Amino acid sequence: MRSWGHIIPPGGRPRKARGRSISYHTAMAHLTAGHDGGARVRSLPELSSDELQRYGRHLVLPDVGLEGQRKLKAGRVLLVGAGGLGSPVALYLAAAGVGTLGLIDFDVVDISNLQRQVLHGTSDVGRSKLESARDRIRDVNPHVAVDTYEMRLTSVNALDILSDYDVVVDGTDNFATRYLTNDACVLLGKPNIYGSIFRFEGQASVFATERGPCYRCLYPDPPPPGLVPSCAEGGVLGVLPGIVGTIQATEALKLLLGIGEPLVGRLLLIDALGSRFRVVSLERDPTCPACGTREIRELLDYDAFCGSVTSPDADVISEMTPTELSQRLSRGDAPDIIDVREPYEWQIARIPSARLIPLGTLHREASSLDPGREIVVYCHHGIRSAHAAEQLRAAGFTRVRNLAGGIARWSEEVDPTVPKY
Ligand SMILES: [Zn+2]
């Protein structure tokens, strides 16, 4: 799968809480639960002399040691997607000695993948990604068993496939598979190690643990179709899946070993250009249909849930540049400025005198806006706000403009003290 899965927050309502910490013991609780929810006592495998030599740098680590290495050998990790994120995850988990890696993908290696999908090489172009991945993993570490699933993950096969693994790593490139993976992990009680990338930014978290939030707690609904461009459309810095995927691999190793503090209840935001890492606290949403009310008892039709792809009609939405808005603000002739991002983004950075109305609540809040006034909408990069502008125009607001490039361009052109994220 191509690795574009970065989620610019859609119209949902991220919920967060400060000062909450969830121990690894909570996250690890799932690793000892069998398919039926009962305890699964697994005797740890022995290591051969070759393995003892191979893992020497782990064996001397106080928190790993021989027992930890045997835990890794007993570990079973499923990678959903063998693309940009799946590449470093597969390579590092194999090198670290995770005993069984499951890979699900149905794509063929394309030359345009090689800029970031380091699991595959030039000689693999045209081959199945799974064949390519299996050969590479075998070369990295012949002690690793590789299960391959050359198919699309669907609501029909997901529970069966995921149930065989301790930990699931989400390296998907589309919302339908991302929600499907999340819901299946919640239903099965499997930790879901989430990662996503877009352009110069990435996100990572650990969802669906016993007490932590899930992906739907953060993003209850998928974004409107076409809102978030893919890597193919929006581009991605080649190294970015390496950063995010390596963090996902780290989380997988921590969960298998039962050490450290996993990214449960925390969302890591990575800004490669600014060399900034931020952590936002998240908490489980009691109204989440997956892990809160548990009204999702079986998997849905995720293609229908996420809708088909359309794009906003750019022709009818006029734009305003950050410089023009800044001049209007200094002249005291500013339009009404509406920020359609999510509350956690608002906490990070905002434009003076703006009002926060997350895109998902705009339909409810539009009646509080003055249709006689000029309105400028903005978001992170100008994509969500283009949809917001279109929504407002459809609701009868004729003087709506979109801030070109969003707050990211505002930070570049107008006020560099506004943090980039
Ligand atoms: Zn949830």
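Residues numbered from 1 in each chain as written. Predicted model: local features only at pLDDT ≥ 70, side-chain atom pairs only at ≥ 80, totals over all residues. Heavy atoms only, no water.

Draft legend 1. Quick look at the pairing of strand β10 (residues 336-339). With 4 bridges joining them, β10 and strand β12 (residues 375-378) adopt parallel strand pairing. If you follow Ile-337 over to β12, its bridge partner there is Val-376. Pairing analysis gives 2 bridges linking β10 to strand β11 (residues 355-356), with the strands arranged parallel. Bridging from a neighbouring strand, Ile-338 pairs with Arg-355 of β11. Note on the crossover from β10 through helix α14 (residues 343-348) to β11: the handedness is right-handed. (Pairing = 2+ DSSP bridges. Helix = DSSP H or I, 4+ residues; strand = E, 2+ residues; numbered from the N terminus. Right-handed = clockwise from strand over helix to strand, strands pointing away.)

Draft legend 2. Examining the packing of helix α4 (residues 65-74) against helix α11 (residues 240-257) more closely. Packing of α4 against α11 leaves a shortest axis separation of 9 Å and a crossing angle of 110°. Overall, the two elements α4 and α11 adopt an arrangement that is roughly perpendicular. Viewed along their axes, α4 and α11 form a crossing whose handedness is right-handed. In this structure, α4 uses Gly-68, Lys-71 and Leu-72 to contact α11, whose residues at the interface are Leu-253, Leu-256 and Leu-257. (Axes fitted to C-alpha atoms, helices over the stretch in contact; angles between N-to-C directions. Parallel < 35°, antiparallel > 145°, perpendicular 65-115°, else oblique. Left-handed = near helix turned anticlockwise from the far one by under 90°. Contact = heavy atoms within 4.5 Å.)

Draft legend 3. Summary view of the confidence of the model for the protein chain. Residues with a pLDDT of 70 or more make up 85% of the protein chain, whose mean pLDDT is 87. For the stretch residues 1-30, pLDDT sits under 50, and the model shows 129 contacts to residues farther than four places along the chain or on other chains. Counting interchain partners and residues more than four positions distant, the pLDDT-below-50 stretch residues 308-312 has 8 contacts. (pLDDT = per-residue confidence, 0-100.)

Draft legend 4. Quick look at the coordination of the zinc ion. Each protein donor to the zinc ion is listed here as Cys-214 (SG), Cys-217 (SG), Cys-288 (SG) and Cys-291 (SG); together their distances run 2.3 Å. Geometry at the zinc ion is tetrahedral, judged from the 4 donor atoms that bind it and their angles of 89 to 126° at the metal. Mapped onto the polypeptide sequence, the residues donating to the zinc ion form the spacing pattern C-x2-C-x70-C-x2-C. Here Cys-214, found in the loop between β6 (201-207) and α9 (215-218), pairs with Cys-291, found in the loop between β8 (276-281) and α12 (302-306); they are 77 residues apart in sequence, far enough to count as distant. (Donors = N, O, S within 2.8 Å, 3.2 Å for Na, K, Ca; no water. Tetrahedral: all angles 85-135°; square planar, octahedral: opposite > 155°, others 65-115°.)

Draft legend 5. A look at the packing of helix α13 (residues 322-330) against helix α17 (residues 406-413). Closest axis-to-axis distance for the α13/α17 pair is 9 Å, and the angle between their directions is 70°. Comparing their axes, α17 and α13 come out roughly perpendicular. In this structure, α13 contributes Pro-322, Thr-323, Leu-325, Ser-326 and Leu-329 to the contact, and α17 contributes Arg-409, Trp-410 and Glu-413. Per-class residue counts for the contact of α13 with α17 are 4 nonpolar, 2 polar and 2 charged. (Nonpolar A, V, L, I, M, F, W, Y, C, P; charged D, E, K, R; others polar.)

Draft legend 6. Structural context of the pattern of salt bridges. For the structure on display, the rule yields 24 salt bridges. A salt bridge links Asp-50 to Arg-54; the nearest nitrogen and oxygen atoms lie 3.8 Å apart. Taken together, the residues span about one helical turn, with Asp-50 and Arg-54 both in helix α2 (residues 49-54) at a distance of 4 residues. Among the residues examined, Arg-54 registers a relative accessible area of 35% and is labelled partly exposed. Of the charged contacts in the structure, one is a salt bridge between Glu-365 and Arg-355, with a shortest N-O distance of 3.5 Å. A residue pair is termed long-range when its members are at least 10 positions apart, and Glu-365 in helix α15 (residues 362-365) and Arg-355 in strand β11 qualify at 10 residues. Judged by relative accessible area, which is 29%, Glu-365 ranks as partly exposed. Connected through salt bridges with shared partners, the residues Glu-324, Arg-328, Arg-331, Asp-333, Glu-374 and Arg-401 form a single ionic network. (Salt bridge = Lys/Arg side-chain N within 4 Å of Asp/Glu carboxyl O. Buried < 20%, exposed > 50% of the residue type's maximum accessible area, 1.4 Å probe, protein only.)

Draft legend 7. Quick look at the nonpolar core. Grouped together as the largest cluster of nonpolar side chains are 52 residues, with contacts concentrated most on Leu-153, Tyr-378 and Ile-407. Examining the composition of this core, we find that 7 residues originate from one element, helix α8 (residues 175-188), more than from any other. Not counting residues within four places of it along the chain, the set of residues in contact with Leu-153 comprises Val-80, Ile-104, Ala-158, Ile-161, Leu-162, Thr-177, Leu-180 and Thr-181. If you look at the next biggest cluster of nonpolar residues, it comprises 41 residues, including Ile-193, Val-236, Leu-263 and Val-264. (Core = buried A, V, L, I, M, F, W, Y, C linked by side-chain atoms within 4.5 Å.)

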